[in-house]
Amino acid sequence: MEEKNQNIVMFPFMAQGHTIPFLTLALKIEKMGYKITFVNTPLNIKNLKKSLPPSSTIRLVEIPFDSSKHGLPPGLENTDTVTTYDLMLDLFEASLSLKPYFRNLLSDLISGGASLLCVITDMFFAWTADVTHEFGVFHAIFSGCSGFGLGCYYSLWMNLPHRKTESLEFSLPDFHEAGKIHVTQLMDIMLKADGTDRWSRFLIYNLSLWVRSDAILLNTVEEIDGIGLSYFRIKLGLPVWPIGPVLRSVDNRSRGGKVPGISPELCIKWLDSKPLNSVLYISFGSQSTISASQMMQLAKALEMSGNNFIWVVRPPLGFDINAEFEAEEWLPEGFAKRAEEQNRGLIVTKWAPQVEILSHKSVAAFLSHCGWNSVLESLSCGVPLIGWPFYAEQFYNAKLLVEEVGVCVEVARGTHFEVRREDIVHKIEMVMRVDGKAKQMREKACEVETMIGDAIRDEEDYKGSSVKSMEEFLNAALLTKESKT
Ligand SMILES: O=c1ccn([C@@H]2O[C@H](COP(=O)(O)OP(=O)(O)O[C@H]3O[C@H](CO)[C@@H](O)[C@H](O)[C@H]3O)[C@@H](O)[C@H]2O)c(=O)[nH]1
């Protein structure tokens, strides 16, 4: 690796779903020879220290933040410990106070002699673009979301189209290519939004500032996400570079401090004992869970379908998500015992080695909330999905996978949805069978696996689309730097 005397400042929003992809990207850019300064609030920096490999030279830098000055509970610096949307919004609004400190931080870096190539910040920190430009430095926004999912999210907040129709289904005025959106694909805060409420005000202010950046980087792949990428290219008039998949390594360090509920070795041993394409993997990302009644229906569906499964369980909604899992209370009587005795199911509490599981040839399908990292990890292994999106852009990720890519069937929407075990069984069979639609989906997922593999191929005579995008981004930042000196 050629050492480059160039600094890149990276600054994610204070949420695990944001810090993890940022850190993964930081580790990738570090390997390319750049020096990384990774900025966050004090408590987040403390936690991030545990996630860095010992060999990393990434510099973790604190930006001052005192939650109690913003009416937040003491020590609240991350959405992980947030229990209500109101509190989350308080944290979003409080993050605007970081502006002068961020300016000082850049000023100190530059006056300290650092050669600053660019600043990469979160989609919720678009105000950093103007601050960065004060120093004549290139600014990019990075998001771990898909172009399609984020495009729908962006357009919905900017236009609030559901407020202008009585219909349950509607198009996005500036993103017709996305097709129809159904009201069940809107989070509660969006359903209630009218443009004057606090959420609308914060988000519309923030999203309107995206055009001030110099580029958008997305953890996605041109070949599967062209519709969303085109939307942003036209809408913002900026380069939009798909640089994904930037995936966590199987080394679980970057899991954000979560304790694994099972070792990868045990998991693999269990999977080794199962036939090819026979296991359903079920997990709802890093911080989500389902309701107690949904959990019961899902468990009963798993018994009815008779398939092998690995299920990452967490206490249901309304309980502390980090508490011990009470199988007797939240699962049907004797469910866990039967799964173990019949050697049919592995119930994992807290955290599973997801990347290892999805890479195993016994895994046939993934029942997922369609968080974009999970989607990329699944498709990178050619595993089709059963979608159960909960919130944010997950609804539109599922839409992309069902309607455009053809690698997913949707089983439920949201955490209030009354899901029936028969419907779950039907969807599991649709994806797990060896013939019919299941076969088509598996073939399509394998095609997508190849596309993703090609996108990140970096050989002397071939550079994949994501490799080229990363190069174009770094060259653009360098050109800006050279033009200012
Ligand atoms: O037991 C587990 C559970 C999760 N993971 C990992 O945790 C990550 C979860 O990411 P993702 O699937 O994207 O889910 P969230 O954590 O919910 O993701 C947030 O961030 C995503 C990317 O920005 C958005 O698409 C989602 O809407 C948002 O909730 C993945 O890398 C998984 O491999 C594990 O390794 N083991």
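As a reminder, the structure under discussion sits directly above these lines.
Residues numbered from 1 in each chain as written. Predicted model: local features only at pLDDT ≥ 70, side-chain atom pairs only at ≥ 80, totals over all residues. Heavy atoms only, no water.

Trainee: Residue-level account of the sheet that holds strand β12 (residues 345-349), with values.
Mentor: Read from one edge to the other, the open sheet built from six strands follows the order β12-β11-β10-β13-β14-β15, with strand pairing classed as parallel. Of all strands in the sheet, those with a lone pairing partner are β12 and β15 (408-410), marking the two edges. Pairwise comparison of adjacent strand axes, ignoring direction, gives a mean angle of 15° for this sheet. Across three bridges, strand β13 (residues 363-368) lies against strand β14 (residues 385-387) in parallel orientation. Across the sheet, residue F366 finds its bridge partner in β14, namely L385. (Pairing = 2+ DSSP bridges. Helix = DSSP H or I, 4+ residues; strand = E, 2+ residues; numbered from the N terminus. Axes fitted to C-alpha atoms, helices over the stretch in contact; angles between N-to-C directions.)

Trainee: Help me get a handle on the nonpolar core, residues and values and all.
Mentor: Core analysis: the largest hydrophobic core is formed by 102 residues, its most contacted members being W157, W210 and I310. Per element, the largest residue contribution to this core is seven residues, and it comes from helix α6 (residues 147-159). If we skip the residues at most four places from it in the chain, W157 touches I189, M190, A193, W199, S200, L203, I204 and L207. L298, V313, A364 and V409 belong to the second-largest nonpolar core, a separate cluster that totals 34 residues. (Core = buried A, V, L, I, M, F, W, Y, C linked by side-chain atoms within 4.5 Å. Buried < 20%, exposed > 50% of the residue type's maximum accessible area, 1.4 Å probe, protein only. Contact = heavy atoms within 4.5 Å.)

Trainee: Can you tell me about the pairing of strand β5 (residues 138-143), naming the residues and giving the values?
Mentor: Counting buried positions along β5 yields six of six residues, so the element is predominantly enclosed. Neither face of β5 is left uncovered, since the one carrying F138, A140 and F142 and the one carrying H139, I141 and S143 both have all their residues buried. Here five bridges tie strand β4 (residues 116-122) to β5, and the two strands are oriented parallel to one another. Counted as the bridge partner of C118 is F138 from β5. Since β4 and β5 lie parallel, the crossover through helix α5 (residues 128-133) that links them has a hand, and here it is right-handed. Summarising the sheet, β5 and strand β8 (residues 215-218) pair through four bridges and their orientation is parallel. Within β8, the position partnered with F142 by the bridge is L217. (Right-handed = clockwise from strand over helix to strand, strands pointing away.)

Trainee: Just give me the short version of the site of the ligand, but keep the residues and values in it.
Mentor: Every one of the 21 residues lining the ligand counts as a neighbour, but S286, A352, S374, E377 and E393 are closest to it. Here Q354 contributes a side-chain N or O atom positioned 3.3 Å from an oxygen atom of the ligand. In the environment of the ligand, an oxygen atom lies 2.5 Å from a nitrogen or oxygen atom belonging to the side chain of S374. Burial of the ligand by the protein amounts to 95% of the accessible area it has alone, namely 690 Å². Going through the elements one at a time, α15 (372-380) and α16 (394-405) are the ones with two or more residues in the shell around the ligand. At four residues, α15 tops the list of elements feeding residues into the shell around the ligand. (Near = heavy atom within 4 Å. Polar contact = N/O pair within 3.5 Å; in protein donor to acceptor, adjacent residues only side chain to side chain. Areas by Shrake-Rupley, 256 points an atom, 1.4 Å probe, with all protein chains shown as cover.)

Keep in mind that these numbers describe shape and distance, not what the molecule does.
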